[in-house]
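Chain by chain, the residues run as shown.
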Amino acid sequence: TKKIGLEDEFMVPNLNESVSAGKDGKLHITLTNLSVSEDYEIETEFKEGEALSVRGEIVTNEMHAHNTFDAPEVVKTESFMGASVKNGKVSFTIPKCSVLHLEVEYK
C-alpha cells in the first residue's frame, strides 16, 4: 500500500485490513480503502490452506456521502459480488471509499 493524506504528519495507509477466524471455521477479512480516487485489485494467497468459497458485503459511496434522518439509506451495507475464488486464491477489486467484509470458507 501507499500512504495518503495532505500533510506528512497526517499520512495514513490507503488500505487497512483485519483478519480473524470465526467460531464457524470461516475466515473473516475486513478491508478499508481510504483512497478517494483509486480502486485496488487484490489477490489473496493463504499460507495455510486454500479458499473454497467467498461471499461479501460492502459499504461504499463517494467521500461526502452520509446518512441523515431524512435520508437514512444513502450509505448502507450491500452484497458484494465482486470476489471470486480460483486455484484456492480469492481475487477482487476494492472500490475507493469503501469498507469490505469477506467471509471465506477454506480448507
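Residues numbered from 1 in each chain as written. Predicted model: local features only at pLDDT ≥ 70, side-chain atom pairs only at ≥ 80, totals over all residues. Heavy atoms only, no water.

**Q** Requested: an account of the pairing of strand β6 (residues 51-60), with residues and values cited.
**A** Pairing analysis gives 9 bridges linking β6 to strand β10 (residues 98-106), with the strands arranged antiparallel. Across the sheet, V54 pairs through a bridge with V104, a residue of β10. Here β6 pairs with strand β7 (residues 77-80) via 4 bridges, running antiparallel. When the sheet's bridge partners are listed, E57 is paired in β7 with S79. (Pairing = 2+ DSSP bridges. Helix = DSSP H or I, 4+ residues; strand = E, 2+ residues; numbered from the N terminus.)

**Q** An account of the nonpolar core is requested, with residue identities and associated values reported.
**A** Residues V90, F92, L102 and V104 are the most contacted members of the largest nonpolar core, which totals 17 residues. Taken together, the elements giving at least two residues each to this core come down to β4 (27-33), β6, β9 (89-94) and β10. Among all residues touching V104, those that are not within four sequence positions of it are K26, L27, I29, F46, A51, S53, V54 and V90. (Core = buried A, V, L, I, M, F, W, Y, C linked by side-chain atoms within 4.5 Å. Buried < 20%, exposed > 50% of the residue type's maximum accessible area, 1.4 Å probe, protein only. Contact = heavy atoms within 4.5 Å.)

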